[in-house]
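Each chain is listed here by its residues.
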Amino acid sequence: MVKENIIVTSQLGIHLRPAGAMCDAAIKFDSNISFEYAEGKTANAKSVISILASGVKCGDEITLIADGSDEEEALKTVSEKFKEALKD
């Protein structure tokens, strides 16, 4: 299992564009990919609905987690795509 902390920098928080980017990147990997937010809640990074339902706001921190056979590559790719999509 590998993890990375990410600060949500978009003024809109996690909205459709970064949620879609995270999901599109995550579904390409075999690993389980999720993120923790708000003191222990989790969201499935392979589900746009789960990501959007998290309600993460600008300035909040999430912990992206990948666990599986391709976890290193999954974490790196999903993190990059997500952070890229957060730029307003």
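Just so you know, these numbers come straight off a predicted model, no measurement behind them.

1. Observations concerning unusual backbone geometry
So, step 1. Not every positive phi belongs to a glycine, and A38 is a case in point at roughly 45°.
So, step 2. Looking at where A38 falls in the secondary structure, it is placed in the loop between β2 (32-37) and β3 (41-44).
So, step 3. Residue A38 is classed as partly exposed on the basis of its relative accessible area of 48%.
So, step 4. A positive phi angle, close to 55°, is found at E39, a residue other than glycine.

2. Quick look at the nonpolar core
So, step 1. Of all hydrophobic cores here, the largest spans 25 residues; its most connected members are I14, M22, I33, F35, I62 and L64.
So, step 2. Listed by contribution, the elements that provide at least two residues to this core are β1 (2-7), α1 (16-26), β2, β4 (61-67) and α3 (71-86).

3. A look at the packing of α1 against α3
So, step 1. Contact geometry for α1 and α3: axes closest at 8 Å, N-to-C directions at 160°. Judged by the angle between their axes, α1 and α3 are roughly antiparallel. Between α1 and α3 the crossing geometry is right-handed. Along the contact surface, α1 presents R17, P18, A21, M22, A25 and A26, while α3 presents T77, V78, K81, F82, A85 and L86.

Reading the values: rules and limits
- Residues numbered from 1 in each chain as written.
- Predicted model: local features only at pLDDT ≥ 70, side-chain atom pairs only at ≥ 80, totals over all residues.
- Heavy atoms only, no water.
- Helix = DSSP H or I, 4+ residues; strand = E, 2+ residues; numbered from the N terminus.
- Buried < 20%, exposed > 50% of the residue type's maximum accessible area, 1.4 Å probe, protein only.
- Core = buried A, V, L, I, M, F, W, Y, C linked by side-chain atoms within 4.5 Å.
- Axes fitted to C-alpha atoms, helices over the stretch in contact; angles between N-to-C directions.
- Parallel < 35°, antiparallel > 145°, perpendicular 65-115°, else oblique.
- Left-handed = near helix turned anticlockwise from the far one by under 90°.
- Contact = heavy atoms within 4.5 Å.

Distances and angles like these do not, on their own, reveal function.
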